[in-house]
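Report on the structure
Okay, here's what each chain looks like letter by letter:
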Amino acid sequence: MSDLSLQDQLEAEALHNNEQLLNFKVRSKHIDWHMYVKPLRPRYAKPIYLKKQFNLLSNYCEQIDDSNRRELLLCHDMMGNYLEDRHFNSSKKFDDFRFYHWSGVDYFCYFSHHYITIPPCGWINAAHKHGVRVLGTFITEGHTGDQLLHDVLASREMVNNIVNAMVKLCKHYGFEGWLVNIECKVNPNDMENLYYFLDRLHLAVEDQISHGIVLWYDSIIETGQLLWQNELNAKNVRFLKSSHGMLINYSWTDKSLEVTRALCERERAACQTVFFGIDIFGRGQIAKFHSKQTLARIAKQCFSVGIFAPAWTYETLQQYGYDIKHITGRNDVNEAFLQRNEKFWWSLWEHLATYPYHHLPFYTDFCLGSGRQVYVRGKVNILNETPFFNLSRQSLQPSVPLHELATRCYEDAFNGGSCLRIEQHDRTFRLFATDFKLQYNGLVCAYAYKLQERDGEFDCILRFCTDNNAHDCYLFLGDYYDMFSLYKGRCYVSPFKAKENEELLKDSVACPEIPMSLSCDDLTSANNNGWRVRYYVVAFDGPVHIKDTGVLYRKSVDAKDTAYLGAFYLNEFDVNASNFSAASNFAYIPIYGKDLLN
């Protein structure tokens, strides 16, 4: 098989009829997609509400339990979808729509108006890397959809065969479930088989797919009539009972929220299983850059939310004269989209739950899955100098929007296609909310940065606490002239010495899995287009939790440029198995002793 033929088969595609579905007529049927799809990364840490302080590096948050939990379904529909994002390998349209605020999302649905919508591999990989479950779409609408559904519901044997085929697609392509959207009238005689279809799909996906889920869209009622309710009531509650949750149509009112809450209480159904829709284009609700107002009304009643058409921030650029259909992408489109997108999500974040990162080792180069060219250790990869768009290459992303704090720079990068350009100076701000528990009391941190000496000073900052959360302290990882100091909950650490760093890298016990992109060769900037890498080795006198990561850029008055952050790495090591000399700038922090607090 030629490379071109293989790439064609790796492209995502929709299925248009029951024959294709039942006979598994997909081009990639003989391809093992498990070789290309990343498994879902578990989210072991509980989400938290950071509220209005989400950008601050502090311990302020609201803990989440069953009484206040709200979830977010992201339903992505842009111009019918299956555009450049359908490719498994890269397209050249580097400015295409990207989503990257995954820390606030629970479920991602790839939506189109085709019968069976199978999510593209890139979207699955980007979501899975961040622990987000992915749904395909089962939709019947119009005369064609009416006939397709009638055939499905002709018998229970047919229903069983369709359900088995849909589960097979989940297993083959590696996604977690389905949004079921019936937007055609159903014959009253077929309603029992429709309930049976939903029950069977719900149970089969739950039983056979890890973290499987089936959501129902508020469309038809118990008589089979196509009549959007815009709430949960007696006419559609049966569908909620047969699924994991319901997406409510977006033309709801405050009265709809009250009716739904009353019914949830009566039926003992969790409010978080009801997702009230917001169409970002503004159909039925205040939306667009004012979506926060609508989201606040949903959050007040503790319902979950379904955000439909988040690509509004990209798609509507053409209204302002931007050419969003340029085959290889445009710089002005990319910059305008990123600015609008960051502002949009920044406006919503106080009402969204944030999932802290939990797994070590932690590494990111901030790549969004696209670039004007590919960088490796600060230099352009001469084998790949063309623009690219490939969401499978998206790295772990900041936990919160960085509107007016940092921007995505596509003019330079340490690895991948972009880096962070720090806009905020002389004030710390959060990058990652974390819940890293150091089992062996040792910490290794490294980051790649770019900063002219005359332009100021740069620190990465870790907020950490004791095992019992009694002490809340800050670790400043900068350059303090080979000094290590402790002062009232603040620890100032200088970089680990290069020679000692080489020894550390050789010791896989001390620091396993340090990425090749952060190696001793990168400690100087002469060969890396101005990029430098700093390493830090820290030990504590007891168990420690790393709760936050942020940055502080102290800009000088004579600065000609700003600071750039290209990569960040964090891991733990066993203090008892390591021995470092005093000259190495190895830092020992007695957080359980009196020294740190006094």
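Residues numbered from 1 in each chain as written. Predicted model: local features only at pLDDT ≥ 70, side-chain atom pairs only at ≥ 80, totals over all residues. Heavy atoms only, no water.

Named according to an unreviewed UniProt entry, the chain is Cytosolic endo-beta-N-acetylglucosaminidase TIM barrel domain-containing protein originating from Glossina pallidipes.

Points about the domain arrangement of the chain
How big an interface is tends to be expressed through the accessible area that disappears when the partners come together. What counts here: An automatic or database domain assignment is the source of the domain bounds shown. The contact rule is simple, with two residues in contact once any of their heavy atoms fall within 4.5 Å. Once two parts are joined, some of their accessible surface, as seen by a 1.4 Å probe, is lost; buried area is that loss totalled over both. What qualifies as a polar contact is a pair of N or O atoms within 3.5 Å, subject to a donor-acceptor requirement within protein and to the restriction that residues adjacent in sequence count only when both atoms come from side chains. Working definition: helices are DSSP H or I runs of at least four residues, strands are E runs of at least two. Numbering for both runs from the N terminus.
Here the domain parsing of the chain yields domain 1 (6-82 + 101-332 + 345-354) and domain 2 (362-589). Here domain 1 and domain 2 have C-alpha centroids that lie 36 Å from each other. Listed as interface residues are 27 residues of domain 1 and, on the opposing side, 27 residues of domain 2. Here domain 1 and domain 2 share an interface that buries about 2200 Å² over both sides, 58% of which is from carbon and sulfur atoms. Considering only the side of domain 1, the residues that lose the most area to domain 2 are Asn55, Leu57 and Trp346, jointly responsible for 30% of the buried surface there. In this structure, the connection of domain 1 to domain 2 is made through 13 residue pairs in polar contact (both at pLDDT 80 or more). Where the side of domain 1 that touches domain 2 is concerned, the elements lending two or more residues are helix H3 (121-129) and helix H11 (331-348). Looking at the side of domain 1 that touches domain 2 element by element, the count peaks at six residues for H3.

Description of the UniProt feature "domain: Cytosolic endo-beta-N-acetylglucosaminidase TIM barrel" (unreviewed entry) in the chain
Definition in use: UniProt positions are given in the numbering used here, feature names are shortened, and annotations may be inferred rather than shown by experiment.
In the numbering adopted here, UniProt assigns the feature "domain: Cytosolic endo-beta-N-acetylglucosaminidase TIM barrel" (unreviewed entry) to residues 82-373. Taken as a whole, residues 82-373 contains 37% helix and 17% strand, while its terminal C-alpha atoms sit 24 Å from one another.

Side note on the sheet that holds strand S12 (residues 353-354)
For clarity, the threshold we go by: Two strands are said to pair when DSSP picks up at least two bridges between them.
Across the sheet, which stays open at both edges, the three strands sit in the order S2-S1-S12 with antiparallel pairing between neighbours. The outermost strands of the open sheet, each flanked by one partner alone, are strand S2 (62-63) and S12. Relative to S2, strand S1 (residues 48-49) runs antiparallel, the two being bridged by two bridges. The residue of S2 that forms the bridge with Tyr49 is Glu62.

Observations concerning H11
For clarity, the cut-off: By this rule, a helix spans an expected 1.5 Å times one less than how many residues it contains. Burial classification: accessible surface area is computed with a 1.4 Å probe over protein chains only, and a residue below 20% of its type maximum counts as buried, one above 50% as exposed, and the rest as partly exposed.
The terminal C-alpha atoms of H11, which comprises 18 residues, lie 26 Å apart, in line with the 26 Å expected from a rise of 1.5 Å per residue. Burial in H11 covers these residues: Val333, Asn334, Ala336, Phe337, Leu338, Arg340, Asn341, Glu342, Phe344, Trp345, Ser347 and Leu348. Residues of H11 that are buried make contact with strand S3 (72-76), helix H9 (291-300), strand S11 (304-308), helix H10 (312-315) and strand S18 (406-409).

Remarks on the pattern of salt bridges
Between side chains of opposite charge, pairing is possible as soon as their charged atoms come close. So the rule is basically this: Salt bridges are defined by distance alone: a side-chain nitrogen of Lys or Arg within 4 Å of a carboxyl oxygen of Asp or Glu.
Counted under the stated rule, the structure contains 24 salt bridges. Residue Lys241 pairs with Glu267 through a salt bridge whose shortest N-O separation is 3.2 Å. Taken as a pair, Lys241 in helix H7 (residues 237-241) and Glu267 in helix H8 (residues 254-267) lie far apart in primary sequence, 26 residues in all. On the accessibility criterion, Glu267 (33% relative accessible area) is partly exposed. We note a salt bridge from Arg454 to Asp455, for which the minimum N-O separation is 3.9 Å. Of the residues examined, Arg454 reaches a relative accessible area of 48% and is grouped as partly exposed. For Asp455, a relative accessible area of 0% puts it in the buried group. Each of Arg430, Arg463, Asp472 and Asp548 takes part in a single network of salt bridges with overlapping partners.

Considerations on the pairing of strand S19 (residues 419-422)
Bridge analysis of S18 against S19 gives four bridges, and the strand direction is antiparallel. Looking at the pairing, Ala406 lines up with Ile422 of S19. Note: S19 against strand S28 (residues 564-574), two bridges, orientation antiparallel. Counted as the bridge partner of Leu420 is Leu565 from S28.

Section: the packing of helix H5 (residues 156-173) against helix H6 (residues 191-208)
Put simply, the rule reads: Axes, fitted as lines to C-alpha atoms, cover a helix only where it is in contact. Angles between the N-to-C directions of the axes lie from 0 to 180 degrees. Take the far helix as your reference; a near helix turned counterclockwise from it by less than a right angle gives a left-handed crossing, and one turned clockwise gives a right-handed crossing. Residue classes follow a fixed rule: Ala, Val, Leu, Ile, Met, Phe, Trp, Tyr, Cys and Pro count as nonpolar, while Asp, Glu, Lys and Arg count as charged, and any other residue, Gly among them, counts as polar.
Their axes nearest at 9 Å, the elements H5 and H6 cross at an angle of 30°. The two elements H5 and H6 cross, and the hand of that crossing is right-handed. Contacts between H5 and H6 pair Arg156, Val159, Asn160, Ile162, Val163, Asn164, Met166, Val167 and Lys171 from the former with Glu192, Asn193, Tyr196, Phe197, Arg200, Leu201, Ala204, Val205 and Gln208 from the latter. Tallied by class, residues from the contact of H5 with H6 come to 10 nonpolar, four polar and four charged.

Some points on the side chain of Asp279
Structurally, the position occupied by Asp279 is in strand S10 (residues 274-279). At 2.4 Å, the side chain of Asp279 and the side chain of Arg283 are in polar contact.

Description of unusual backbone geometry
Residues apart from glycine generally show negative phi values, whereas peptide bonds are mostly found in trans. A cis amide bond links Leu360 with the next residue in sequence, Pro361, at an omega value of 0°. Checked against the element boundaries, Pro361 lands in the loop between S12 and strand S13 (362-364). A positive phi angle, near 55°, is found at Lys288, a position not held by glycine. Accessibility expressed as a relative area gives 39% for Lys288, which makes it partly exposed. If you check the backbone angles, Phe366 has positive phi at about 65° while not being a glycine. Within the secondary structure layout, Phe366 lies in the loop between S13 and strand S14 (370-371).

Looking at the packing of aromatic side chains
Spelled out, the test is: Working definition: a ring pair exists when centres of Phe, Tyr or Trp rings (six-membered ring for Trp) sit within 6.5 Å. Plane angles under 30 degrees give stacked, over 60 give edge-to-face, the rest tilted.
According to the stated counting rule, one finds 41 aromatic pairs in the structure shown. Note on Tyr115 and Phe138: the rings are 5.2 Å apart at their centroids and 55° apart in plane angle, and the pair reads as tilted. Here Phe138 lies in strand S6 (residues 133-141) and Tyr115 lies in the loop between strand S4 (107-110) and strand S5 (116-117), a separation of 23 residues in the sequence. As far as the burial class goes, Tyr115 and Phe138 line up, both buried.

As for the environment of Lys343
Residue position: Lys343 is located in helix H11. Taking the C-alpha atoms as reference, Lys343 lies 8.4 Å from Leu402; in sequence the two are 59 residues apart. Those residues in contact with Lys343 that sit more than four places away from it in its chain are Phe289 and His403.

Observations concerning the nonpolar core
Applied cut-off: Each nonpolar core is a collection of buried residues, namely Ala, Val, Leu, Ile, Met, Phe, Trp, Tyr and Cys, held together in the definition by side-chain atoms within 4.5 Å.
Formed by 153 residues in total, the largest nonpolar core has its most connected members in Phe197 and Phe458. Here the element with the most residues in this core is H5; it accounts for 10 residues. Lining this core are residues from two domains, each supplying at least three of them: domain 1 (6-82 + 101-332 + 345-354) and domain 2 (362-589). Membership of the second largest hydrophobic core comes to 16 residues, among which are Cys419, Val537, Tyr564 and Ala567.

A few points about the side chain of Ser28
Along the chain, Ser28 turns up in the loop between helix H2 (18-22) and S1. Under the relative-accessibility criterion, Ser28 is labelled buried at 1%. Within the structure, Ser28 has its side chain in polar contact with the side chain of Tyr173 (distance 2.8 Å).

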